[in-house]
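Secondary and tertiary structure notes
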Amino acid sequence: MNHRPATRSKNKRHRPDGNAEATSEILRKVHSTGQVTPDDINCLYMIWKPVCQGCRVNTKDNPNCYCGLVPPPNGSRKSGLWQKTSEIVLSLGPDPSKDLRTSTNSPAGLTNLGATCYANSILQCLYMNKSFREGVFSVEPHVLKEQPVLDQLARLFAQLHASKMAFVDSAPFIRTLELDNGVQQDSHEFLTLLFSLLERCLSYSEVSKARTIVQDLFRGSVSHVTTCSKCGKDSEASTNMEDFYELELNVKGLKSLDDSLDDYLSVEELQGDNQYYCESCSTRVDATRSIKLRSLPAVLNFQLKRCVFLPKTTTKKKITSAFNFPGELDMGHRLFENSHPDLIYDLSAVLIHKGSAVNSGHYIAHIKDENSGQWWEFDDEHVSNLGQHPFGEGSSNSAAKSAVVEPIIHQTCSGTMENVVTGSHVHASQPNSSKSNIVNSVHTFSSSDAYMLMYVLRDLKDHGEKASKDSGEIKMENLIGGAPENSVSLPSHLCEEIEQLNKSYLDACKQYNSKKELELSRIIERRKEVRTVLSEAPVQSLGEPYFWISTDWIRHWIDNISPLNIDNSTIQCLHGKVPVSKIGNMKRLSTKAWTMLYSKYDGGPTLAKDDYCIDCLFEGAHSMVSAESYRDRRALMKELAEAALAGKCLDGPLYYVSKAWVQQWLRRKNVDSPCEADAGPTASIRCPHGELMPEQATGARRVLVPESLWLFFYDTANTVKPDDPLGCSTFPSDSAPCAQCNLELSEVACLEDNLREFKQKQRQNHERLALGKGIALFPIQRYYLLPTLWLSKWRSYVTASGKSATSSAEPETLSNIIDLLKCEKHSGVLERPPDLIFRRGTVVQKSPNTDQLTIITEDDWKLFCEDWGGTVQEGISAEIEVGDCPGGDSVGSSIEMPIPEEHMNNEVNTEIESKRLRVKTFPEVCENCIGERESCELMRKLNYSNEDICVCFIRGKEPPRSILEASANSSEPDRRTSKRSRKTTFGNSVNLKVSGSTSIYQLKMMIWESFGVVKENQTLHKGSRVIDGESATLADMNIFPGDTLWVTDSEMYENRDIADEISDQKMEVIQTEEGFRGTLLTSNISSQVV
């Protein structure tokens, strides 16, 4: 059952309730007389109130009010029975009939699984090609079973062909290819790899039409011809034929398809350093190089290269300039050595990439139906009719402009022509006929988002021509449109499957419609029932019989489509009757309305007119009178308590009560009866021995109160907790504090005093160490080394005060600490001595807060040994020696340093200035153990993965000192760093995610992407060290997590053309493998991209 929160009057100002005063008067009378009259019942249960008419909300203080329980005739609610019909239907789940295909002439869409629009667009282009579709359908069933990709493609095409649904689920095919449906890919790369995969799969078919359908439809050939300008001969490699499945055309700076084809077939001059070595001339000579189209496929695909590489950001940018292309394309004059100029291609599909970014956006396809000539837009699940125009009739899309009609001249042959089309590839020979010019009109289209154009060789079947190589005549075998005008028939094994899918889908539509009709009829019936019962619910007269019913259940019954049984248990008292306290939670219901509800919903209990509870009425009257008496008495006691806290009116016998308890008692408001907080007025001042706690104990502060107030506290505490005498112990004013507790408190105070004295003595004996200050160091004096961590704990311990004094941990004994600093094998020191620095005329320890060891004086060491359990002889002593220092044990200084007065003379000063200093320890440092430990730590640090390093871009010649210091010092691997790129006065800084195996080349490419500095211009540093060698890894160069590197820009190669290098054919194949790595598409790349 739903319990609706009462929030309607949350912010309303409550007016004085006259009913409450009348009810109080009646209850006082009942309590005093012990009798209840019928008028009292009518007044207490508000039976006398009239039936409401037209209230905006339902009132709780009128059991005869049924207003506002249902919305008005045209109203609705957010949920339940009175929800909008459209929302109720929506709650039933998706309506499968909405996905019903409008007609068999309307193509079906494909579901987008997240980012698979690139695959959907290509699949629709292939499916709408009737010859390709027939080829896939003609594959033998046993071959399909052996080739999962081909099997899923055939199933997908079959559903697109004959499914009753408006769109088909592409998930099985995408999963078979093992594609990541959350990653956007390039549609051109997908098509190239898909062709290669299909060629391998179809090669197992014995049906000739199916086995070579990809090659027959989409494969053409080109040759790269190099011609010597001196002898006019072509190179030997010029005769090599290379297959292509699409022609990649430049778009940048070009306005139309004709311009791009001219650019693709343009002649390149090889001169100067690029001269060609001619075998015939036996020397380097000027030459020309160009691409020649040797044969053209029946389906000619043009890939428009709309991506350009930006060197400064290492990203690609999309070219969004308008590009013109014709609806009819004559390729005859572009075919090398062509004798038949009439090779007319018709535009059949336009693949469109929406969006300004290269690595995102959305792919759609505009495809022409071969049978009807209608254009359709395929946008994943949505398929729209565009009419006779590729971009819709009267298109105003910014990405596609209306067609422009331009004249075009076709050259036709009136005689026999020796132009031969073998398969679907156009080859060329010499013309042998007269020609005449016919001027026709051709539509030209313009788009700023067209990404791939698909042209189909015009069908010559209507002219009675069939192509094959036969005795010099033109015979064309029509692969395009070779199927009958009606739809392609499905093979039996696919037809049965589609029929079963369609049957299941239609059954689901039928079941949904039945469920919908049943639910709506139930709702209409329930609404009618609610309005009927509520119209009969009010009781019209006082003498008429009636029944009580829970308001919560009434609301539940009104708001729910399928209500539960009647539940009156919430308005029933322990005596099985109706208490007056529940009057705001129930309604009076007429006998007729009760009968209608009870006959259908059963439940109970039944509470009739005479089922009011007299016992609860008397208890309520008694409770009210007692509460009034308690409030009056408490008001009087409150004045005494306030006076006691102020120290006034302390006459007569007095008693101790907890001061905090009295203050809390005074803060309570509107108290009608004793509660849990009234218990234990003396609990906090009673000691464990049952006597009065000494006042200096924590929480034992008390106050003296008069005897009358104490008796009130005592009575109320016993009323609340009669079984808790300890919490209400009586302590008269002459009670003496507990002697045992006094003694214990004195001992604790003594211990605290001793501890304070000890800490004060420690701070006095080691004043500089306690303040964290360094000491001046002199040669020919003995010092000792202590772990910096131990000193830090000692300093926290001796300087702690107040509450933190008891919580600070006591340092360990020195004997244990010193033992840990020595190796067991060689008895040497396991830490190197700290570095020294000359500062303000004094030699001091360089970094006492970060060094592992701290230098202290001999006096400090001896005092520490006395107080902290150390042995003077077991300590690690050190001396500052002047002289040449080998290796890393020395700290160099070529400036004057202070020495004791007894050693101070000119000769000594001169000697010190020309020497270096070193810290020599006794026992000596164990280099073997330290080296072994550092090697293990280094290996652990180098094996990191996916950690942050900071790279700062320095615009000036020299970085700031802060950057040099941060770069020279390695950071802790676990230190958290900001992920944001920050702008500073000297340049920008950014955090990069790297691993120990990341190469310097990869790091420089990341820096290129972040700051726009080309790889060759970067000079990378760690501290003052230059990092070079692109093949080395970060681990090789000792770059750790948290390190700060800095980079400068030499600006030497600012104008270098990176785009040509990156867009090289070899680079594109590498990028293709990266984009589809881990899928079936990259198992074996055999397609050649031209």
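Residues numbered from 1 in each chain as written. Predicted model: local features only at pLDDT ≥ 70, side-chain atom pairs only at ≥ 80, totals over all residues. Heavy atoms only, no water.

The next subject is the overall build of the protein. Across its full length, the protein holds 30 helices and 45 strands. Classification of the 1090 residues of the protein by burial places 44% in the buried group. Contacts in the protein between residues far apart in sequence, at least 24 positions, make up 73% of those at least 6 positions apart. (Helix = DSSP H or I, 4+ residues; strand = E, 2+ residues; numbered from the N terminus. Buried < 20%, exposed > 50% of the residue type's maximum accessible area, 1.4 Å probe, protein only. Contact = heavy atoms within 4.5 Å.)

All right, on to the packing of aromatic side chains then. For any two aromatic rings, the description comes down to two numbers: the centre-to-centre distance and the angle of the planes. Scanning the entire structure with this criterion turns up 31 aromatic pairs. Ring geometry for Trp790 versus Phe864: centroids 5.4 Å apart, planes at 90 degrees, classification edge-to-face. Here Trp790, found in helix α21 (residues 788-799), pairs with Phe864, found in helix α24 (residues 858-868); they are 74 residues apart in sequence, far enough to count as distant. This pair shows no difference in class: Trp790 is buried, exactly as Phe864 is. An aromatic cluster is present here, built from Tyr127, Phe132, Phe157, Phe195, Phe218 and Tyr245 joined pairwise through their rings. The lysine or arginine in question, Arg588, covers the ring of Tyr546, its NZ or CZ lying 4.2 Å from the ring centre. In this structure, Arg634 packs its charged tip against the face of Trp665, placed 4.2 Å from the ring centre. (Phe/Tyr/Trp six-rings, centres within 6.5 Å; stacked < 30°, edge-to-face > 60°. Lys NZ or Arg CZ within 6 Å of the ring centre and 35° of its normal.)

Attention now moves to the packing of helix α4 (residues 117-127) against helix α7 (residues 148-162). Two elements in contact, α4 and α7, have axes whose closest approach is 11 Å; the angle formed by their N-to-C orientations is 75 degrees. In terms of orientation, α4 and α7 fall into the roughly perpendicular class. Of α7, the residues touching α4 (which contributes Leu123, Gln124, Leu126 and Tyr127) are Leu153, Leu156, Phe157, Leu160 and His161. Residues of the contact of α4 with α7, tallied by class, amount to seven nonpolar, two polar and no charged. (Axes fitted to C-alpha atoms, helices over the stretch in contact; angles between N-to-C directions. Parallel < 35°, antiparallel > 145°, perpendicular 65-115°, else oblique. Nonpolar A, V, L, I, M, F, W, Y, C, P; charged D, E, K, R; others polar.)

With that out of the way, let us pick up the sheet that holds strand β28 (residues 586-590). Across the sheet, three strands lie side by side as β28-β26-β30; this open sheet has antiparallel pairing. Where the open sheet ends on each side, the last strands, each with one partner, are β28 and β30 (607-608). The pairing of strand β26 (residues 546-550) with β30 spans two bridges and is antiparallel. Paired with Phe547 across the bridge in β30 is Ala608. Sitting on the sheet, helix α14 (residues 551-559) is in contact with β26 and β28, with an inclination near 75 degrees to β26. Packed on one face of the sheet, helix α15 (residues 591-601) meets β26 and β28 and runs near 100 degrees to β28. (Pairing = 2+ DSSP bridges.)

Further remarks concern the confidence of the model for the protein. Put simply, the protein has an average pLDDT of 78, and 81% of its residues get 70 or more. Taken as a whole, residues 1-16 scores under 50 in pLDDT and shows 16 contacts with residues more than four places along the chain or in a different chain. (pLDDT = per-residue confidence, 0-100.)

With omega at -5 degrees, the peptide bond leading from Gly604 into Pro605 counts as cis. In this chain, Phe922 is followed by Pro923 through a cis amide linkage whose omega measures 0 degrees. For Pro923, the position within the fold is in the loop between β39 (917-922) and α26 (927-942). With a phi angle near 55 degrees, Ser282 is a residue other than glycine that sits in the positive phi range. Positionally, Ser282 belongs in the loop between β7 (276-278) and β8 (283-285). A positive phi is found at Asn1038, a non-glycine position, where the angle reads about 55 degrees. Along the chain, the position of Asn1038 falls in the loop between β44 (1025-1027) and β45 (1044-1049).

In this fold, Thr998 is placed in the loop between β42 (987-994) and α28 (1000-1011). Among the polar contacts listed, one links the side chain of Thr998 to the backbone nitrogen of Ser995, at a separation of 2.9 Å. Setting aside chain neighbours within four positions, we find Thr998 in contact with Leu1003, Met1006, Ala1032, Thr1033 and Leu1034. (Polar contact = N/O pair within 3.5 Å; in protein donor to acceptor, adjacent residues only side chain to side chain.)

Moving on, we come to the nonpolar core. Counting residues in hydrophobic clusters, the biggest one holds 62 residues, and the most contacted among them are Phe132 and Phe190. A per-element tally of this core places helix α9 (residues 187-202) first, with nine residues. Once residues within four sequence positions are removed from consideration, Phe190 is found in contact with Tyr118, Ala119, Ile122, Leu177, Leu179, Phe1076 and Leu1081. Counting 36 residues, the second-largest nonpolar core is a separate cluster that includes Leu265, Leu304, Phe323 and Leu335. (Core = buried A, V, L, I, M, F, W, Y, C linked by side-chain atoms within 4.5 Å.)

As a further point, take the pattern of salt bridges. This structure, assessed with the given rule, holds 32 salt bridges. The closest approach of N and O atoms between Glu858 and Lys862, which form a salt bridge, is 3.7 Å. Pair noted here: Glu858 and Lys862 are both in helix α24, with a separation of four residues, about one helical turn. By relative accessible area, which is 28% here, Glu858 ends up partly exposed. Residues Lys1022 and Asp1043 are paired through a salt bridge, measuring 2.8 Å at the closest nitrogen-oxygen approach. Taken as a pair, Lys1022 in strand β43 (residues 1018-1022) and Asp1043 in the loop between β44 and β45 lie far apart in primary sequence, 21 residues in all. As far as the burial class goes, Lys1022 and Asp1043 line up, both buried. By sharing partners, the salt bridges in this structure join Glu25, Arg28 and Glu628 into a single network. (Salt bridge = Lys/Arg side-chain N within 4 Å of Asp/Glu carboxyl O.)

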